[in-house]
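Given next are the chains, with one letter for each unit.
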Amino acid sequence: MRFLSDTYVVFLRALRLSLTNPTWMFISIMQPILYLTLFGPLLLEVAKTPGFPAGDAWQVFVPGLLVQLGIFGTAFVGFGIIAEWRSGVIDRMLVTPASRWALIGGRVLHDTLLVIVQGLILLGAAYVMGLRVPWSVVVVGLFVVGLLGAAFSALSYAAALSLKSENAFAPLVNMFALPILLLSGILLPMSLAPFWLRIVSDANPIKHVVEGLRAVFRGEIASPETAIGVVVALGFLLLGAWLGVRVFKAQTK
Amino acid sequence: MPTPSPDLIVRARGLKRVYKSRKALIEAVRGIDIDVRRGEIVGFLGPNGAGKTTTLKMLCTLLEPTGGEAQVAGCDLLTDPEGVRRRIGYVSQSGGTLGDALAGNEVVDHARLYGIPKRTAIERGKALLAALDLEGIWDRKCNALSGGQRRRLDIVMGLIHEPELVFLDEPSTGLDPQSRANLWDHIRKLRDDLGTTVFITTHYMDEADQLADRILIIDHGEIVATGTQEELKKRVSGDAVTLTLADAEKAEVAAGLLGELPGADAPIIEDAVVHLHVPDGGAALPAILRLLDRNAIEIAGVAVKRPTLDDVFLTLTGRSLRDEAA
Ligand SMILES: Nc1ncnc2c1ncn2[C@@H]1O[C@H](COP(=O)(O)OP(=O)(O)OP(=O)(O)O)[C@@H](O)[C@H]1O
Ligand SMILES: [Mg+2]
């Protein structure tokens, strides 16, 4: 019980801080819409090329954007926790009896909620542009976005809080972001790639999440691809939770 | 888990902390013993880098000791850190509020992490803010507060759950004299009304002198002195006696005579002025005057100065007095 109420307090505090920052809210709402409107039309053309996977262009493009949102919507939250650490907030919270799981969990929950709301906005905009999928797909899509969001939020906190420096954290995020983005078929499906690139991308776990979600959007919710995708996303979440709590506990070492 | 001695709220033995920096090992705290009785206000003094913050962080469960053991507020520091956390308050040297957050929200959220209901937190928060002259900041962003206001907000947050023991790391840095006096009053009231034990570090000698019941002095990671202000002052330099003679020619003779007094150090001559230290200046003065009178040395002026805590501090930790003695 204490764990839940502590998590709730940390969650609400984070949410209040976000809501008092209108610029930031505006950007996070606009981002998915910009992607759809500025990149979507391009993709409609690409969809005509041979080798483009089954399903209409939106069914291929939107799952990729959702995965991207889950990862990059939360990958930078670490900057916030460095600021909190620097202003002494982390130490102040660590000296309370609050569960260490709650201290990171409440923050992760906040980031997850935001990323799910962004996902909903993205899907709404995609509907306007012509995406037609059943509700069950929407639910699974948002679930996967939530899993990834939670995982990368926790990973971001863990990395940032152990580095404690924006100058070290920023290049680290970039180092991971580029291969994840390029080798996962998030923006363009890997079926368009030459053979060697496809093999390399198979080693990228995120690629399997994207493939899984594309299967869902094709209506194949009960497919092995979907299962693999969800399991990989869950794996990231477990890794994130484990590392996150470890780093929080290490703060008092 | 009861402590061996129930009236000791802090009992640390051999507490030690070594920081691993890139190459060097920094021995910040070198195996210190600390005893604090329930209801005491203890002043923890030491020059910059002496190890005060490190010690406090260890006692507050924020930093694992490299060695040693401690019971804090009845709980074992190493095996029951959560028990310690529940019973203590801590105000860190560098503060703990986020600039973008509203002051009132930070106070309430902090209280709720101690399991205090929201309504109680608001009530207590407002009362505490008022007690420290901070009415009207509830809806202000923390970075819109002045340095001293923000510092007092930190203190409010450290006290919000009415802990039985509170660690204050230089709480009065940046406070104007009036706010400082107000803070002292509040700390005394805490002790008198709630029986709160206060462990406070400070660089202000007058603060330690007036507020603390007992003082610990730490230097280079070791406790170099403990005791009440009076005990420390007696122990160290003794009183300074300054005699101005009517005739500078007699200074040598006077110094020779005075150096024979019980407990006196070697007098220093400066023209017609003779400086010396004796254990108790007030009691020694009649004997000094009689001695000089008997030898027909005329005195133009006398001054006796009681040592201040500053003198004690300098003697124990500072270079200046050590260099003089050498
Ligand atoms: N995180 C750290 N890593 C390495 N060394 C540290 C660290 N924190 C403190 N030190 C070193 O440990 C020693 C004690 O530091 P501490 O902060 O406890 O001093 P202090 O008595 O609180 O000083 P001040 O009056 O300046 O606050 C110093 O030599 C300091 O440089
Ligand atoms: Mg300090």
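Throughout, residues of each chain are indexed from 1 in the direction in which the sequence is written. Each chain is given a letter, starting from A, and each ligand a number, starting from 1, according to the order in which they appear as written. Since the coordinates come from a predicted model, pLDDT governs what is reported: local features require at least 70, and pairs of side-chain atoms require 80 or more to be given and counted, while whole-chain, interface and lining totals use all residues. Side-chain measures here rest on the full set of heavy atoms in the structure, leaving out hydrogens and waters.

Draft legend 1. Quick peek at the overall build of chain A. To qualify as a helix, a DSSP run of H or I must reach at least 4 residues; to qualify as a strand, a run of E must reach at least 2; elements of each kind are numbered from the N terminus. Counting its regular elements, chain A contains 11 helices and 0 strands. If you list the helices and strands of chain A from N to C, you get α-α-α-α-α-α-α-α-α-α-α. Put simply, the radius of gyration uses C-alpha atoms, and a globule should come to 2.2 Å times the residue count raised to 0.38. A compact globule built from 253 residues should have a C-alpha radius of gyration of about 18 Å, and chain A, at 19 Å, falls within 12% of that. Counting only C-alpha atoms, chain A reaches 60 × 35 × 35 Å along its principal axes. Within chain A, contacts between residues separated by at least 24 positions form 78% of all contacts whose residues are at least 6 apart in sequence. Taken as a whole, chain A presents about 11300 Å² of accessible surface, with 75% of it coming from carbon and sulfur. Where the 17 positive side-chain charges of chain A centre and where its 11 negative ones centre are 9 Å apart. We call two residues in contact when some of their heavy atoms are within 4.5 Å. Computed by Shrake-Rupley with a 1.4 Å probe, the accessible areas treat only the displayed protein chains as cover when residues are assessed. His is not counted here, nor are the chain ends, while Lys and Arg score as positive and Asp and Glu score as negative. To locate a charge, take NZ of a lysine, CZ of an arginine, CG of an aspartate or CD of a glutamate.

Draft legend 2. Up close: the sheet that holds strand E6 (residues 88-91) of chain B. Residues and elements named next belong to chain B. Two strands qualify as a pair provided DSSP detects at least 2 bridges between them. If you walk across this open sheet you meet the 6 strands as E6-E7-E8-E3-E9-E10, and the pairing is mixed. The open sheet has two edge strands, E6 and strand E10 (222-227), and neither has a second partner. Neighbouring strand axes in the sheet, compared pairwise and without regard to direction, differ in orientation by 15° on average. When strand E9 (residues 214-219) meets E10, the two strands line up antiparallel, connected through 5 bridges. Of the residues in E10, the one forming a bridge with Ile218 is Ile223. Here, axes are lines fitted to C-alpha atoms. For helices the fit covers the stretch in contact, and angles between N-to-C directions go from 0 to 180 degrees.

Draft legend 3. Representation of the site of ligand 1. Residue and element names in this part refer to chain B. Neighbouring ligand 1 are 14 residues; Gly49, Lys52, Thr53, Thr54 and Gln93 lie closest to it. Separating an oxygen atom of ligand 1 from a side-chain N or O atom of Thr53 is a distance of 2.7 Å. Two N or O atoms count as a polar contact when they lie within 3.5 Å, although within protein this holds only if one can serve as hydrogen donor and the other as acceptor, and sequence-adjacent residues are included solely when both atoms are side-chain atoms. Here His203 contributes a side-chain N or O atom positioned 3.1 Å from an oxygen atom of ligand 1. Contact with the protein chains hides 64% of the accessible area of ligand 1, taken as 640 Å² for the molecule alone. Those elements that place two or more of their residues in the shell around ligand 1 are strand E2 (25-37) and helix H1 (52-59). Charged residues are taken to be Asp, Glu, Lys and Arg, nonpolar residues to be Ala, Val, Leu, Ile, Met, Phe, Trp, Tyr, Cys and Pro, and polar residues to be all remaining types, Gly included. Across the shell around ligand 1, the residue classes break down as 5 nonpolar, 7 polar and 2 charged. Put simply, a residue is near a molecule or strand once any heavy atom of it comes within 4 Å of that molecule or strand.

Draft legend 4. Seen up close, the coordination of the magnesium ion (ligand 2). Residues and elements named next belong to chain B. Taken together, Thr53 (OG1) and Gln93 (OE1) make up the full set of protein donors to the magnesium ion (ligand 2), lying 1.9 to 2.1 Å away. Taken together, the positions of Thr53 in helix H1 and Gln93 in the loop between E6 and helix H3 (103-112) put the pair 40 residues apart, joining distant regions of the chain. A relative accessible area of 37% means that Gln93 is categorised as partly exposed. Here the coordinating atoms are restricted to nitrogen, oxygen and sulfur within 2.8 Å of the metal centre, or 3.2 Å for Na, K and Ca, and because water is not among them the sites may look incomplete. Exposure categories follow from relative accessible area, calculated using a 1.4 Å probe and restricted to protein chains: below 20% of the type maximum is buried, above 50% is exposed, and the middle band is partly exposed.

Draft legend 5. Seen up close, the packing of helix H9 (residues 251-258) of chain B against helix H10 (residues 281-294) of chain B. Residue and element names in this part refer to chain B. Contact geometry of H9 with H10 gives a least axis separation of 11 Å together with a crossing angle of 135°. Classified by the angle between their axes, H9 and H10 sit oblique to one another. Crossing angle aside, the handedness with which H9 passes H10 is right-handed. Contacts between H9 and H10 involve Ala254, Leu257 and Leu258 on the former and, on the latter, Ile288, Leu291 and Leu292. The class makeup of the residues in the contact of H9 with H10 is 6 nonpolar, no polar and no charged. For classification, angles of less than 35 degrees are called roughly parallel, those exceeding 145 degrees roughly antiparallel, those between 65 and 115 degrees roughly perpendicular, and all remaining angles oblique. Two helices cross in a left-handed way if the nearer one is turned anticlockwise from the farther one by less than a right angle. They cross in a right-handed way if the turn is clockwise.

Draft legend 6. Quick look at unusual backbone geometry. Residue and element names in this part refer to chain B. Of note in this structure, Glu170 is not a glycine but carries a positive phi near 50°. You can see Glu170 is positioned in the loop between strand E7 (165-169) and helix H6 (177-194). A relative accessible area of 5% means that Glu170 is categorised as buried. Positive phi, normally seen in glycine, also occurs at His220, with a value near 50°. Within the secondary structure layout, His220 lies in the loop between E9 and E10.

Draft legend 7. View of the interface of chain A and chain B. Tallying the contact residues gives 26 residues for chain A and 26 residues for chain B. Accessible area that two parts lose when put together, with a 1.4 Å probe and added across both, is what the buried area reports. Between chain A and chain B, roughly 2300 Å² of surface is buried when both sides are summed, and carbon and sulfur atoms account for 57% of that area. Of all residues in chain A, the largest losses of buried area upon contact with chain B belong to Arg92, Val95 and Pro97 of chain A, amounting jointly to 28% of the total for that side. The term salt bridge refers to a side-chain nitrogen of Lys or Arg lying within 4 Å of a carboxyl oxygen of Asp or Glu. Applying the counting rule to chain A against chain B returns 5 salt bridges. In this structure, Arg13 of chain A and Glu106 of chain B form a salt bridge, with 2.7 Å as the shortest nitrogen-oxygen distance. Joining chain A to chain B, the criterion identifies 9 residue pairs in polar contact (both at pLDDT 80 or more). Every element with two or more residues in the side of chain A that touches chain B is listed here: helix H1 (2-19), helix H4 (77-86), helix H5 (89-94) and helix H6 (100-129) of chain A. Per element, the largest residue contribution to the side of chain A that touches chain B is 8 residues, and it comes from H1 of chain A.

Draft legend 8. Spatial organisation of the side chain of Arg152 of chain B. All names here are of chain B. Structurally, the position occupied by Arg152 is in helix H5 (residues 147-159). The buried charged residue Arg152 lacks any salt bridge, with Asp133 as its nearest oppositely charged partner at 5.0 Å. At 3.5 Å, the side chain of Arg152 forms a polar contact with the backbone oxygen of Asp133. Every residue in contact with Arg152, bar those within four places of it in the chain, is listed here: Leu132, Asp133, Leu134, Leu175 and Ser179.

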